[in-house]
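Chains, contacts and geometry: an overview
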Amino acid sequence: MSPRRPTILDVARAAGVSKSTVSLVVRGSPTVREETAKQVRAAMAETGYVYNRAAANLRASSVGLIGLVINDLRNPFFTEFATSVQMALSAQGYATVISNSDEDGALQAQMVGSMIEHGVSAFVISPAYGQEAETFEQIARAGIPCLQVLRQVDMRGDLFPFAAFDYARGGLLATQHLIAQQARSIAFVGGLPDRAVTTERMTGYLEALRGTGMAPRSFPGRTSRAFGAEMAALLSRRHPEIDAAVCFNDQVALGMLSGFARQGRTVGTDFRIVGFDDIEDCGQVWPRLSSVACDIAQFGRDTAAALLDWVETGQHPPPMRRAPVALAARESSLGFGSEGKGP
C-alpha cells in the first residue's frame with residue numbers, strides 16, 4: 001500500500017500554525033509575516049507536501065472572507081457599526097462573517113479560532129474584555145491582518161492597529177455643556193472602572209470640572225438601560241443635590257430618562273442628562289436625549305477602507321486613529337423649546 005500523501009493539516013501541525021496560515025502561504029499571500037512563511041515552507045519540505053493548485057481553486061470560495069467580531073450586538077451602536085463595515089466590504093466584493101462575543105472573552109477566542117480555520121483573510125474586532133491573549137495570539141501566529149476598533153485590549157499597535165472616537169473630548173464637551181446650562185453638581189454615571197474607554201471619557205469630564213468648584217461624582221456600573229434606571233432612583237433618594245449627569249453611553253442615559261419619568265421628575269429642568277454615542281433612539285424618545293455624537297456609519301466605512309488597503313496593497317494602518325466627535329444638544333439638557341449644537 002502506498003504511503004499516505006501529506007496534507008495541509010500535516011504541514012500546519014509541523015509548523016505550529018493554523019491550517020489557514022498554511023493556505024495563505026501556499027497562495028503567496030503578502031499578509032503573512034516572512035518569518036512565519038519561512039517556518040511554513042520548511043514544514044512543507046519536511047513533510048513532503050506538494051501544493052495542488054487545481055484542487056485549491058475548487059476551494060477558493062473563502063477567498064475575500066473577512067471576520068467581524070463584535071462585543072455586544074444587542075447595543076444599537078455596535079450593530080450600526082457592524083452593518084456599515086459589512087456593507088462597505090460587500091461593495092468591494094468581500095464577504096463578511098459576523099459574530100457576537102456577548103462580552104465573553106473565552107467565546108471570542110473560540111470564534112476567532114474557528115474563523116481562522118475557515119480561511120478568513122482579515123479581522124475587525126471590537127473586543128470583549130478577558131482572555132485577550134487567547135484571541136490575539138492566535139491571530140498573531142496566523143499572520144492575519146487585524147484591526148481593533150472602539151476598544152483596545154492589545155497594546156501592540158504595530159501588530160493590531162486601533163481606531164476609536166475621541167472619547168476624552170466627548171466627555172469634555174458633554175460636561176462643558178452641562179456647566180453652561182447652570183448645572184450645580186454633575187455626576188458621571190456608568191462604565192466599568194479601570195477600563196480604558198471609561199477612563200478616557202472620564203478624563204474629559206474631570207478636565208471640564210477643574211476650576212469650577214464642583215466635586216467629581218462617579219457612579220460606575222453596567223452600561224445598560226437597567227443600570228441607568230437604577231441610578232435615577234438612587235440619585236433621587238440619596239443624592240438630591242446632583243442635578244445633572246454625563247452618562248457613559250446612551251443606553252445608561254435612556255435608562256435614567258425612563259427612571260426619572262417613573263418618579264415624576266422632569267428631565268431637562270429638574271435633572272439634565274447627556275449620553276454618549278448618539279444612537280438613533282436619542283432623537284426618537286421624549287424628551288429627546290442630548291448625546292456626544294459619533295458618526296458610527298462613517299467610522300465603519302473608514303474601518304473597511306483601512307482594512308482593504310492593508311489586505312490588498314500592504315498599506316499598514318497607523319497604530320492609533322481617533323475619529324472626531326461633536327455634541328448633539330437636545331431637550332434632555334437644554335429644557336424645552338430649543339435645540340442646538342455645542343456647549
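First, a word on what this report is: a plain description of the structure on this page. All residue numbers refer to positions counted from 1 along the written sequence of the respective chain. Only residues with pLDDT of at least 70 are given local features in this predicted model, and only at 80 or more are side-chain atom pairs given and counted; all residues enter the totals for whole chains, interfaces and linings. As a convention, hydrogens and water are excluded, and side-chain values are obtained from all of the structure's heavy atoms.

Re the pattern of salt bridges
What counts is decided by this rule: Any Lys or Arg side-chain nitrogen found within 4 Å of a carboxyl oxygen on Asp or Glu counts as a salt bridge.
A full pass over the atoms with the stated rule returns 14 salt bridges. Taken together, the shared-partner salt bridges connect Glu 137, Asp 154 and Arg 156 into one network.

Structural notes on the sheet that holds strand S4 (residues 146–149)
Heads up, the rule is: When DSSP finds at least two bridges between two strands, those strands are taken to pair. Strands here are runs of E lasting at least two residues and helices are runs of H or I lasting at least four, both read from the DSSP assignment and numbered beginning at the N terminus. Helix axes are fitted only over the stretch in contact, all axes being lines through C-alpha atoms; the angle between N-to-C directions runs from 0 to 180 degrees.
Here we have six strands laid out as an open sheet, ordered S2-S1-S3-S4-S5-S11, and parallel in their pairing. Each edge of the open sheet is held by one strand with a lone partner, namely strand S2 (95–100) and strand S11 (320–323). Averaged over neighbouring strand pairs, the angle between their axes works out to 20 degrees when direction is ignored. Sheet analysis places strand S1 (residues 65–70) next to strand S3 (residues 122–126), joined by five bridges and oriented parallel.

Remarks on the packing of helix H6 (residues 105–117) against helix H7 (residues 132–142)
The line we're drawing: Put simply, angles under 35 degrees are roughly parallel, angles over 145 are roughly antiparallel, angles from 65 to 115 are roughly perpendicular, and the rest are oblique. Here a crossing is taken to be left-handed if its near helix is turned anticlockwise relative to the far helix by less than a right angle, and right-handed if that turn runs clockwise. Should any heavy atoms of two residues lie within 4.5 Å, those residues are counted as being in contact. Gly counts as polar in this scheme, as do all residues outside two lists: the nonpolar Ala, Val, Leu, Ile, Met, Phe, Trp, Tyr, Cys and Pro, and the charged Asp, Glu, Lys and Arg.
Two elements in contact, H6 and H7, have axes separated by 8 Å at closest approach and are oriented at 20 degrees. Of the possible angle classes, the one that applies to H6 and H7 is roughly parallel. For the pair H6 and H7, the crossing hand works out as left-handed. For the pair formed by H6 and H7, the contact residues are Gly 105, Gln 108, Ala 109, Val 112, Gly 113 and Ile 116 on the first element and Glu 134, Thr 135, Gln 138, Ile 139 and Ala 142 on the second. Of the residues in the contact of H6 with H7, the class split is five nonpolar, five polar and one charged.

Remember that the coordinates give geometry; whether it matters functionally is a separate question.
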